[in-house]
Amino acid sequence: MIYADNAATTKLDADAFEAMKPYLVSAFGNPSQPYFFAKPAKKALKRARVTIAECIDAEPEEIYFTSGGTESDNTAIKSVLYREKNKVITSQIEHHAILNACRSLETLHIPVEYLSVTNKGIVDPKTLEAHLDDQIGLVSIMTANNEIGTIEPINALCQKAHAKGVLFHTDAVQAVGHIPIDVKALGIDMLSASAHKFNGMKGTGFLYIKNGVQLHPLIDGGAQEKHFRAGTENIAGIVAMATALKKNCDRMEEAEQKLKTLETIFCQRLNVLGIDYIRNGSDNHLPGNINISIKNAEGEMLLHRLDLKGICISTGSACDSVNTQLSHVIRAINVPKEYAEGTIRITFGWENTEEEAIAIADAIGNVINH
Ligand code: PLP
């Protein structure tokens, strides 16, 4: 089996797995309880918050644990329900966690603008500036796109929003643990992250909220997370998330070198095999992300043929019995029609090897050339 779909999810890191175990089987106390048995859980929660904050240059009290990227995104977007100015600006290429949260707002007659992007998938700060009127309550633009890997100019976008006194949120689910993130340098007000994208556990994540920014909770209940996010904390998952994030941040430069090499090897092999393809996204992209559109191919057919060979990749389109539905990202960047339906995404991770990069390219060549 070759797993090259690390943007979909990643393998739990072995050290993260070890670190979480005690909180499942021995130190399983509820951190909200006052007795001695709950102390290790409470301490672990505190330590994890400090570790995570250090990894993104935040303060520990600015980190709110959630059930993952979708919840963090919904919390940020739906916070406008409690604001006087509630119009939202986002982009056409956001993840559905943002887009569908915005559609929900629209059913409540809250206006949302979806900014177009360049053909590299970049949200131009000037486009944002042109759309900022005095009704806007929130701007939300992703740090890096999950399909094509394009890294957005977050600092410049945030400055445009702040110049008009508007809050800025970024969905950094694909970026955290993979590219350097410094919330203070970026100047942002909120940031969403998800552990299973950086070798943590599925169903854990966090929302960074800058000190001083007032948000209304999405989930009401107990007093956890300073009354902001109710529900007994997933201590084991949170410990695994902190361990995995620290490890990913410590080896980030090494990982980038390695993943860029895999990208080069893979693309060179496709070229040798004479595959006619376009590489989608910007040169400034997530390490290990390769989104390509192959001329006159069908992405979904390719995915299934590779699946039969034990190779896991992803596609930018889905076929039904009548026609092919291109993903909203591939449509937004205007991939030429004869290429668009042949879009696939390969996302290499820390454990992938050069042999695997060549084997995937060869398998694609085999399907396309025969
Ligand atoms: N945002 C982006 C950019 C994503 O890629 C994903 C997951 O694919 C999410 C949000 C949702 O995160 P989660 O799976 O943790 O709910």
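Source: prediction; values computed, not measured.

Caption draft 1: Representation of a nonpolar patch on the surface. Judged by side-chain polarity, F28, Y35, F36 and F37 come together as a nonpolar surface patch covering roughly 480 Å² of accessible area. On the basis of relative accessible area, F36 is assigned to the exposed category, the value being 70%.

Caption draft 2: Focus on the pattern of salt bridges. Under the criterion given, the structure shown has 19 salt bridges. Residue R345 pairs with D5 through a salt bridge whose shortest N-O separation is 2.9 Å. On the criterion of sequence distance, the pair formed by R345 in strand β15 (residues 343-347) and D5 in the loop between β1 (2-3) and α1 (14-20) is long-range, its members being 340 residues apart. Judged by relative accessible area, which is 8%, R345 ranks as buried. A salt bridge links K260 to E256, with the shortest nitrogen-to-oxygen separation between them at 3.5 Å. With K260 and E256 both in helix α10 (residues 252-272) and four residues apart, this pair spans about one turn of that helix.

Caption draft 3: Local environment of the site of the ligand. Taken together, 13 residues are adjacent to the ligand, and T70, D171, Q174, S194 and K197 come closest. One nitrogen or oxygen atom from the main chain of G69 is found 2.8 Å from an oxygen atom belonging to the ligand. D171 is positioned such that a nitrogen or oxygen atom in its side chain is 2.6 Å from a nitrogen atom of the ligand. Tallying contributions element by element places helix α4 (residues 69-78) first for the shell around the ligand, with three residues.

Caption draft 4: Summary view of the sheet that holds β15. One open sheet holds the four strands; their spatial order is β9-β10-β15-β12, and the pairing between them is antiparallel. Each having just a single partner strand, β9 (277-279) and β12 (314-315) make up the two edges of the open sheet. When β9 meets strand β10 (residues 289-294), the two strands line up antiparallel, connected through three bridges. Counterpart to Y277 in the pairing with β10 is I294.

Caption draft 5: The arrangement of the sheet that holds strand β2 (residues 63-66) in detail. An order of β2-β8-β7-β6-β5-β3-β4 is seen for the seven strands of this open sheet, with the pairing classed as mixed. Two strands close off the open sheet at either side, each with one partner strand: β2 and β4 (112-115). Neighbour-to-neighbour, the strand axes of this sheet turn through a mean angle of 20°, independent of strand direction. As paired elements, β2 and strand β8 (residues 205-209) share four bridges and run antiparallel to each other. Looking at the pairing, Y64 lines up with L207 of β8. Contacts from helix α7 (residues 154-163) reach β5 (136-140) and β6 (167-171), with the element oriented near 155° to β6.

Caption draft 6: Main features of helix α3 (residues 39-55). A rise of 1.5 Å per residue sets the reference length of α3, with its 17 residues, at 24 Å; its end C-alpha atoms lie 25 Å apart and thus fit the reference within 8%. For α3, the complete set of buried residues consists of A41, A44, L45, A48, R49, I52, A53 and C55. The buried residues of α3 occupy an angular sector of 165° when projected down its axis, which confines them to one face. Across α3 from its buried face, at more than 90 degrees, point the exposed residues K43, K46 and E54. As for α3, its buried residues are in contact with α2 (22-25), β2, β8 and α9 (235-250). Downstream of α3 by a residue or two, D57 has a phi angle that is positive, lying close to 60°.

Caption draft 7: Molecular detail of the packing of aromatic side chains. In this structure the tally under the stated criterion is three aromatic pairs. When the centroid spacing of 5.0 Å and the interplanar angle of 75° are considered together, the rings of F28 and F37 count as edge-to-face. Given a relative accessible area of 53%, F28 falls into the exposed group. Seen in terms of ring centroids, F266 and F348 are 6.1 Å apart; in terms of plane orientation they differ by 75°. Their pairing is edge-to-face. Here the residue F266 occupies a position in helix α10, and F348 occupies one in the loop between β15 and α14 (354-369), the gap between them amounting to 82 residues.

Caption draft 8: Highlighting the environment of A97. Relative to the helices and strands, A97 is located in helix α5 (residues 96-107). Relative accessible area serves as the criterion here: at 7%, A97 is assigned to the buried category. Once residues within four sequence positions are removed from consideration, A97 is found in contact with T70, D73 and N74.

Caption draft 9: Spatial organisation of α7. Turning to α7, its buried residues are I154, L157, C158 and A161. Taken down its axis, α7 places every buried residue within 100° of arc, on the same side. Exposed residues on α7 whose side chains face more than 90 degrees from its buried face are Q159 and A163. At the C-terminal side of α7, G165 shows a positive phi close to 70°.

What counts as what
Residues numbered from 1 in each chain as written. Predicted model: local features only at pLDDT ≥ 70, side-chain atom pairs only at ≥ 80, totals over all residues. Heavy atoms only, no water. Patch = residues over 30% accessible without salt bridge, like charges linked within 9 Å, V, L, I, M, F, W, Y side chains within 5 Å. Areas by Shrake-Rupley, 256 points an atom, 1.4 Å probe, with all protein chains shown as cover. Salt bridge = Lys/Arg side-chain N within 4 Å of Asp/Glu carboxyl O. Buried < 20%, exposed > 50% of the residue type's maximum accessible area, 1.4 Å probe, protein only. Helix = DSSP H or I, 4+ residues; strand = E, 2+ residues; numbered from the N terminus. Near = heavy atom within 4 Å. Polar contact = N/O pair within 3.5 Å; in protein donor to acceptor, adjacent residues only side chain to side chain. Pairing = 2+ DSSP bridges. Axes fitted to C-alpha atoms, helices over the stretch in contact; angles between N-to-C directions. Contact = heavy atoms within 4.5 Å. Expected span 1.5 Å × (residues − 1). Arc of directions from axis to C-beta. Phe/Tyr/Trp six-rings, centres within 6.5 Å; stacked < 30°, edge-to-face > 60°.

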